[in-house]
Structures are given as C-alpha cells and as structure tokens.
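Descriptive analysis of the structure
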Amino acid sequence: NSSNCNNANCVAIASDVDGDGIPDIVYTNYNNNTVSISIGNGDGSFQAPISYAAGTNPGFIAVGDFNGDDVPDLAVSNNASNTVGVFLGNGDGTFQPQVAYPAGSAPAGIITGDFNGDGIADMLVVNGNNNTLSVFLGNGDGTFQAQITTLVGSHAPSAVAVADFDGDGILDVAVSITSGTAASSEIAIFLGNGNGTFESLAAYSPAGSSSIAAADFNQDGIPDLVYSNHGGNTVSVMLGNGDGTFQTAVPYTVGSNVGSVAVGDFNVDGNPDIVAPSGNLSGGTTAILFGNGDGTFQPQVSYAAAGNGVAVADLNGDGLPDVVAINDQLSILLDAQISNYSANGISFTGSAGEHNVVANYPGTSPYTASTSSPVGLTSSNATPTLSVATSGTPAIYGSAVTFTATISSGPTGSMRFYDAGALIGTGTISGTTATLTTSTLAAGTHLITAGWAGNTTYSPVTSSAITQVVNLPRPTLTVATSGTPSNYGGSVIFTATISSGPTGTITFYDGTTSIGTGTLSGTTATVTVNSLTVGIHSITASWPGNTTYAAVRSSAVAQAINNPAETVSLSVSSSGVSQGTAVTFTATVRNGTTPVFPGLVRFCDASAGECEDM
C-alpha cells in the first residue's frame, strides 16, 4: 500500500502491524517530522497514536515487507531531508528507528514493488526539485542498494502509481508531474526494463495532478489511471490501451480543491469506484464516484469529511471497504450498506426499445423519500415458440400435403410457409395453428419452415426446418408370354403392359441379361425371341422412368423351352420290283435338323403285320 495525498500529511493503511488481524493506520506528520501508527480496534475506531522520529517534512508513506518476515515495514519520503526513511516493523505494533537512504532533491510520492523481478520488495520515489525518480533495490534483509535515478522531465514530479501498463509482466510507472501552471503539467509513463531502470514512453497533458492511482475501471484486464486535478474540482480517468499508452482523459466533478484519489468497490457491485477527498482545515467533502464497469462513472455522492490524503480498507471487519481521510486530523468513513429489498412480480409493459428505469421510495419514518439513479434497460418483445409438422412423408408427386404450424398463444394474423427459404404459401392463424395444403412440390427432398412476421407485442419467429420427401408416382408393369412351354428354336412373343402415362421403350430381361427392347404403343410393348436355350427362364420387363414417373420393373414370368419332337423319314431303293428281288429301305431319324444315333429302328410291313428291329 502507498499513500495518496498532496505532499502534506499523508495516510496509508498498514495491513496489520501488531498481528491481531485488524487493519491499522500509519500516517505522516509533515510539520512535526514524525510518523504515527494508530492501532485498530476492529470496530472502526483506533487507539492513541504512537509516533516515531522521521526526517524533515515527511510527506508520502508506503508499506511493504522489506526483510521477508511477513511483518509490515514502512517507507517515508522526507521532503526537506532529501532522504527515504525505512522503519522495520517488530510485529507487535512497534517499529525500529528510521534508517535513512539518500534520495533526490525534495522526494515526494513513494511506492513499493518488485522492480527487478527478484521477488524482493523495492522502493520507488519521485524527486520534485531535480525532476527524477529513484529506485532503491531491496537486498531482502531490510536494507537497500543505492538509488538508481531516471530523469522524468523538466518539471516537478509529485506522485506515482505502478502497474503493468504494457502487459509484459514487468512493473511500469505513471508519474504525476506538476508545474506552476496546469497547462504545463502532465502524466508521464515510464516502461520498466525489469532491472530497476525505466524508459520514457509517453506524456499526457495538461493534467495538473497531485495524486494518481491505477485500477482496471472498464474490466478489460488492462490497468487504467485516475488522477486528481489539484487546485480544481475534478478527477480525470484515462483508460489504458494495453501497450502502455492511454486514451484521452475524461474529467468528473468532485469537491473544490481536491487533493488525492484512491480506489475501492464501495457499493459492492464488482466495479471499481473512486474516492476523492477535498478541502482544507476550514471544511471540505469526500466524493465517491460509483463506477459503471465500462470506464465511466456516475455523478459524485459527497460526504462531509475534508482530506488531503486518503486510504481505503475494511476498518470494522464487516467485509466492506471504508475510507480514511487526513488533513491535520483523521476522518473515518465507514461503508454502511443498506439491506437490499426487492419487489417481485413486477411486469414491464412498455414498448420495445431503450428505457431509463428508476426506483422510487416514498419514505416511511424515520427514512426519507428517495429516488434511485436511472438504470438503462433495453427491452425487446417476447419471442413466441413456433414449430411445423407435415401430414406425411414421403408423399407422392402431385398429391396433396398439409403443413401445420403451431405457435404459442398470443400471435395472430398470417403464417408463412417456406421451402428452403422460398415462400410456398400462407395460412391464417386460428387459435395457435395455421395450415397450408399444397400439391405442387417437386419430386425430391424439401426443407419446410414456418415464419411469423411479429407485431408490436411479439417478436418475429421462424420455426426449425422439417424434411418433406416427395416421390414420383410408380406405374404398374406386367409381362406375359405367348405360350409356355415352347420348343427350342421356336419364336416366343413377350408382351409388357404398363399403366397409362409412360412412353418410350421397355427392356426385357432373362434374369439379368437383356433379351431385347420394345417400343410402347399405348400401354404395351412386345419383343419376339427365338434364341432361348432349353430350360426354365425368368422373364421380366423394365421401364427406366422419366421426370413424371418413377422407374419400374415387373414381376417375373416363367418361360419353359423344351427339346423339339423327333421325326422319322423312310425311303426305298425301288418302288416296283419282282418277287424275290432285293429292296433296300432307309429310315432317317432326326431331332430338328440333327440326326439321332445310335439306336434301333423297327421296320414293319403294315399289310402283313410283320416287324423287324434293325
């Protein structure tokens, strides 16, 4: 923790200097050259301070564990002594005497951090008269090496904040540089090299800042900056870009003569808020700017507590951040969260769009009436549920299909039906359904959706798609034979008969082998075949289909082919002979055109009734 103040009395919260688990307060006393510790009681009150001698005009103060004993130690910038004073804690609420380290001229803002990546706490202080920042690298035993200085500009640096502004894992520094005029004041950014040295990156002016703090105000994981415009009545926020540069500062009005800034989540909404005390001994206020979480802030809420320095911690153990402000006295502001109550069952009946909603409490004794800050509300119409169904799939091309859309209660009017995004018709909503009957869908697969256009109460809605398959009609086809069985080598006529409509040719098959085609004449086609072999044949007819009718193949008809009958022819060597003269009879036996042999042939004399086998 480091102090945030205007180089006068400054305050920082020491996590727990006496080991009782309760935050304590440490602060500088600029005019009497001391550092004081007030032990916390745990209820927001504190014990009488214990003071330790510091250098001349101690201004800023920071807390860290410099010797690795898990006990808070202190570092103080002694403005007029040109030193940094280190007070090692004993763990019981007391501290060892100051050990002073030479710094630059007029050291002011001071902060602790690990600037060389060795896991040991270091110190960084800005020096107002010689325009430098000094880094004291820690040795880990409570002692420090000699300062490493970096020139920060031509004017006086007054306050400092550290964070990793460029996302390289090394701490960087933002320095508030003031001069005689606000126009020549600036916020300077120095990127850490990881060895305790820094390189100048950019400067932003005019700033006129006396106090500066780093936090992530827009929840993008990138550190941002807030600084007080001393002598004025504003604090300014600069959003980080993540590369070490920052966007243009946006000012917010707070109390007059603002001194310092700090950050805490005072309304426990998860967004960083800003606290900025202002004023002097004659009076002043402490302003709270509630963060919106996007880098912007609501108008100030002011409390009657003046301050030059400020710190934030949970001082009474209720889990809420409290505020300590200091001038020549300490002011404690305890965060008191009012119990949240909700009104249930409230219906929003406004039209869709952007609305600013406020809550109004009329007041009941002893509480006064109150109206909340407006909350932006983007409202949209309710979206109904919508589904679509088919009367049946697959359907036959040219036959009627009915699609039914079902929508949740409320919407009225016309329902549109689409085939892959193309409108195919509309239906009127009756109750919660609308229908469309069509017979014009082409053969194939269709993605059918229903859509309702919406009205002032309900948003437009489109259903999920359903699949509708439409098949071509399939004609009937039969095949018949001119006769079965038939003899081998004889002609057989096959006739295919198809239902009315198809044209073209019919192909006839013996099993899977084509045996010929015939052209349709009306509803029939024929083929004549004489090449079938002896045996049983399975004959079918097939039509290939077209864009109107599906392809079809007939059932099979059996065709038997038999061997042909054997024939016998008889010839004689001479038809007129004398008795006793030899005559030769020749019998020829054939199966078709093929002679049959061997075998017996019986020759008979029909008139005599005599036969002889030869």
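Residues numbered from 1 in each chain as written. Predicted model: local features only at pLDDT ≥ 70, side-chain atom pairs only at ≥ 80, totals over all residues. Heavy atoms only, no water.

Here we come to the overall build of the protein. Summing up its helical and strand segments, the protein has 0 helices and 54 strands in all. For the protein, buried positions account for 42% of its 614 residues. Summed over all atoms, the accessible surface of the protein reaches about 29000 Å², with 51% contributed by carbon and sulfur. (Helix = DSSP H or I, 4+ residues; strand = E, 2+ residues; numbered from the N terminus. Buried < 20%, exposed > 50% of the residue type's maximum accessible area, 1.4 Å probe, protein only. Areas by Shrake-Rupley, 256 points an atom, 1.4 Å probe, with all protein chains shown as cover.)

Before going further, it helps to spend a moment on the sheet that holds strand E46 (residues 524-529). Within the open sheet, the 3 strands sit side by side as E41-E43-E46. Their pairing is antiparallel. Looking at strand neighbours, the two that pair on one side only are strand E41 (477-481) and E46, the edges of this open sheet. The mean inter-strand angle of the sheet, taken between neighbouring strand axes irrespective of direction, is 20 degrees. Both strand E43 (residues 492-498) and E46 contribute to a ladder of 6 bridges, which runs antiparallel. Paired with Phe494 across the bridge in E46 is Val527. (Pairing = 2+ DSSP bridges. Axes fitted to C-alpha atoms, helices over the stretch in contact; angles between N-to-C directions.)

Locating Asp322 in the fold gives a position in strand E26 (residues 322-326). Buried within the structure, Asp322 lacks any salt-bridge partner; its nearest side chain of opposite charge belongs to Arg416, at an N-O separation of 61 Å. A polar contact is formed between the side chain of Asp322 and the backbone nitrogen of Leu315, at a distance of 2.7 Å. With sequence-adjacent residues up to four places away left out, Asp322 is seen in contact with Ala311, Val312, Ala313, Asp314, Leu315, Asn316, Leu333, Leu334 and Asp335. (Lys, Arg positive; Asp, Glu negative; His and termini not counted. Salt bridge = Lys/Arg side-chain N within 4 Å of Asp/Glu carboxyl O. Polar contact = N/O pair within 3.5 Å; in protein donor to acceptor, adjacent residues only side chain to side chain. Contact = heavy atoms within 4.5 Å.)

Let us now look at the state of the cysteines. On inspection of all chains with the given rule, the structure shows 1 disulfide. With a sulfur-sulfur separation of 1.9 Å, Cys604 is cross-linked through a disulfide to Cys611. Taking the torsion about the sulfur-sulfur bond, which here is approximately 115 degrees, the covalent link between Cys604 and Cys611 counts as right-handed. Residue class for Cys604 comes out partly exposed when judged on its relative accessible area of 47%. Taking relative accessible area as the criterion, Cys611 reaches 47% and is therefore assigned partly exposed. (Disulfide = S-S within 2.5 Å.)

Right, let's talk about a nonpolar patch on the surface for a bit. Together, Leu330, Ile332 and Leu334 give the surface a local cluster of nonpolar side chains, amounting to about 200 Å² of exposed area. Take Ile332: it is sitting in strand E27 (residues 330-333). Look at Ile332 and you get partly exposed, because its relative accessible area is 30%. (Patch = residues over 30% accessible without salt bridge, like charges linked within 9 Å, V, L, I, M, F, W, Y side chains within 5 Å.)

With that out of the way, let us pick up the sheet that holds strand E8 (residues 99-102). Taken together, 4 strands build an open sheet; the order of strands is E5-E6-E7-E8 and the sheet is antiparallel. Of all the strands in the sheet, just strand E5 (58-64) and E8 have a single pairing partner and so form its edges. Neighbour-to-neighbour, the strand axes of this sheet turn through a mean angle of 25 degrees, independent of strand direction. With 5 bridges connecting them, E5 and strand E6 (residues 73-78) associate as antiparallel partners. By the bridge assignment for E6, Pro58 is matched with Asn78.

Looking now at the pairing of strand E13 (residues 156-163). Of all the 8 residues making up E13, 7 are buried; the element is thus mostly covered by neighbouring parts of the structure. In this structure, E13 lies alongside strand E14 (residues 172-178), joined through 7 bridges in antiparallel fashion. Within E14, the position partnered with Ala156 by the bridge is Thr178.

With that settled, the discussion passes to unusual backbone geometry. The linkage connecting Thr393 with the following residue, Pro394, adopts the cis geometry, with an omega of 5 degrees. The residue after Thr484, namely Pro485, is reached through a cis peptide bond having omega 5 degrees. Mapped onto the fold, Pro485 is located in the loop between E41 and strand E42 (486-487). Even without being a glycine, Asn33 presents a positive backbone phi close to 60 degrees. By secondary structure assignment, the location of Asn33 is in the loop between strand E2 (24-29) and strand E3 (34-38). Despite not being glycine, Asn82 shows a phi value in the positive range, around 60 degrees.

With that settled, consider the nonpolar core. By size, the foremost hydrophobic cluster in this structure holds 32 residues, and its most contacted members are Leu124, Leu133 and Val173. The biggest single contributor to this core is strand E10 (residues 122-127), with 4 residues. Excluding residues that lie within four positions of it along the chain, Leu133 makes contacts with Leu124, Val125, Val126, Asn127, Ile148, Thr149, Thr150, Val152, Val173, Val175, Phe190 and Phe198. (Core = buried A, V, L, I, M, F, W, Y, C linked by side-chain atoms within 4.5 Å.)

Below, the discussion takes up the confidence of the model for the protein. Interpreting fine coordinate detail is not advised for predicted regions of low pLDDT. For the protein, per-residue confidence averages 88 on the pLDDT scale, and 89% of positions sit at 70 or higher. Averaged over each element, pLDDT in the protein is lowest for strand E52 (residues 594-595) (62) and highest for E8 (98). (pLDDT = per-residue confidence, 0-100.)

On to the packing of aromatic side chains. Describing an aromatic ring pair means giving the distance of the ring centres and the angle of the ring planes. Applying the stated criterion across every chain, the model contains 10 aromatic pairs. Aromatic side chains Tyr101 and Phe144 sit 5.7 Å apart centroid to centroid with 85 degrees between the ring planes, which places their arrangement in the edge-to-face category. Of this pair, Tyr101 sits in strand E8 while Phe144 sits in the loop between strand E11 (132-136) and strand E12 (148-151), and the two are 43 residues apart along the sequence. Residue classification places Phe144 among the buried positions, given a relative accessible area of 7%. Seen from their ring centres, Tyr252 and Phe297 are 5.6 Å apart, and the 75 degrees between their planes marks the pair as edge-to-face. Of the two residues, Tyr252 is situated in strand E20 (residues 250-253) and Phe297 in the loop between strand E23 (286-289) and strand E24 (301-303); the sequence distance between them amounts to 45 residues. Residue Phe297 is classed as buried on the basis of its relative accessible area, which comes to 7%. Each member of the aromatic cluster is reached from another via a ring pair, and the members are Phe66, Tyr101, Phe136 and Phe144. Taking the ring centre of Tyr509 as reference, the NZ or CZ of Arg553 above it sits at 4.3 Å. (Phe/Tyr/Trp six-rings, centres within 6.5 Å; stacked < 30°, edge-to-face > 60°. Lys NZ or Arg CZ within 6 Å of the ring centre and 35° of its normal.)

Before going further, it helps to spend a moment on the environment of Ser200. Its location among the elements puts Ser200 in strand E16 (residues 198-204). Looking at Ser200, the relative accessible area reads 59%, which means it is exposed. Distance in space between the C-alpha atoms of Ser200 and Thr150 is 9.1 Å, their sequence separation being 50 residues. Ser200 has contacts with Ile189 and Phe190, leaving out every residue within four places of it along the chain.

A few words on the environment of Ile515. Looking at the element boundaries, Ile515 is found in strand E45 (residues 513-519). Sequence spacing of Ile515 and Leu532 is 17 residues, and the spatial spacing of their C-alpha atoms is 9.0 Å. For Ile515, the contacting residues outside a window of four places in its chain are Phe494, Phe508, Tyr509, Asp510, Val527, Val529 and Ile539.

We now examine the environment of Ile429. Considering the arrangement of structural elements, one finds Ile429 in the loop between strand E36 (422-428) and strand E37 (433-438). Along the sequence, Ile429 and Thr406 sit 23 residues apart, while their C-alpha atoms lie 8.7 Å from each other. The contact partners of Ile429, leaving out residues within four places of it in the chain, are Ile407, Pro411, Thr412, Gly413, Met415, Ala434 and Trp452.

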